[in-house]
Amino acid sequence: MKRFGVLMAAVAVASLVSPVAGQQKRLSPPMTAEGTVGGAKIEINYGAPYKKGRTTWGGQLVPPGKVWRLGANEATTIKTSAPITIGTLSVPAGTHTLYLWFGEDKTAKLIVNKQTGQWGTEYNESQDLGRVDLKAQKLDAPVEQ
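Rules of the game
Every chain begins its residue count from 1, and numbering advances along the sequence as written. This being a predicted model, a pLDDT of at least 70 is required before a residue's local features are given, and a value of 80 or more before pairs of side-chain atoms are given or counted; all residues contribute to the totals for chains, interfaces and linings. Water and hydrogen atoms were dropped before computing side-chain values, which therefore reflect all heavy atoms in the structure. By the criteria applied, helices consist of DSSP H or I runs no shorter than four residues and strands consist of E runs no shorter than two, each listed in order from the N terminus. Only centres within 6.5 Å qualify two rings of Phe, Tyr or Trp (six-membered ring in Trp) as a pair; their planes then separate them into stacked at under 30 degrees, edge-to-face at over 60, and tilted for everything else. Relative accessibility decides the category of a residue: with a 1.4 Å probe and only protein chains considered, values under 20% of the type maximum give buried, values over 50% give exposed, and everything between is partly exposed. Here a polar contact is recorded for every N or O atom pair within 3.5 Å, except that within protein the pair must consist of a potential hydrogen donor and a potential acceptor, and residues adjacent in sequence are included only if both atoms are side-chain atoms. A contact between two residues is defined here by any heavy atoms of the two lying within 4.5 Å. The predictor attaches a confidence to each residue, and that confidence, scored 0 to 100, is pLDDT.

**Things to note about unusual backbone geometry**
You will see that Asn-73, though not glycine, has its phi angle at about 65°, which is positive. Looking at where Asn-73 falls in the secondary structure, it is placed in strand β5 (residues 72–80).

**Thoughts on the packing of aromatic side chains**
Inspection of every chain in the model, using the stated rule, returns 1 aromatic pair. Between Tyr-99 and Tyr-123, the aromatic rings sit 4.8 Å apart at their centres with planes inclined by 65°, giving edge-to-face as the arrangement. Remark: Tyr-123 occurs in the loop between β9 (108–113) and β10 (128–134) and Tyr-99 occurs in strand β8 (residues 94–102); sequence separation between them is 24 residues. Judged by relative accessible area, Tyr-123 falls into the partly exposed class, the value being 25%.

**A look at the side chain of His-96**
Mapped onto the fold, His-96 is located in strand β8. Of note is the side chain of His-96, whose polar atom sits 3.0 Å from the backbone oxygen of Pro-92. With near-sequence residues (within four places) excluded, His-96 lies in contact with Thr-76, Thr-77, Ile-78, Val-91, Val-112, Asn-113, Lys-114, Thr-116 and Leu-129.

**Observations concerning the confidence of the model for the chain**
Low-confidence regions, as indicated by low pLDDT, have predicted coordinates that should not be scrutinised in detail. Confidence along the chain averages 80 in pLDDT terms, with 76% of residues attaining 70 or more. Confidence, read as mean pLDDT per element, is least for helix α1 (residues 6–14) in the chain (42) and greatest for strand β7 (residues 89–91) (97). Note that pLDDT drops below 50 for residues 1–23; the model gives that stretch 67 contacts with residues more than four away or on any other chain.

**Section: the environment of Ala-75**
Take Ala-75: it is sitting in strand β5. A residue is classified by how much of its surface remains accessible, and Ala-75, at 9% relative accessible area, is buried. Taking the C-alpha atoms as reference points, Ala-75 and Gln-118, 43 residues apart in sequence, are found 6.0 Å from one another. Discounting residues that sit within four places of it in the chain, Ala-75 has contacts with Asn-45, Thr-97, Tyr-99, Gln-118, Trp-119 and Gly-120.

This is how it looks when you write it as structure tokens:
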């Protein structure tokens, strides 16, 4: 297993969360983050939403206690060429979907899900590979996209 640190999880979380539930029209540009960690090629594909002056974490876009998609449009995916470890979660090589759980106490968990090909709002908990605790870090200034 290759060790996959919080860096790639942070990239996914930083992509924000889209407020558009069930909408099939692509309003946000597609983006890709790529890198190699411990010999594993990793690619994260997501739709890059815009904040548009809205409150995100703990506000109208991401109220606590719910599972949220990362990014916009189709579900955000992580593709890895070799098995990796995210925190304590072993992730096999292949493509998986990423979601976020944001708690009432402002804790967060990255969810790695086995289902792929779905719209970002179509979450199926029974397909979860696992969840990883995330460490929140406040930014100096808001990020629009």
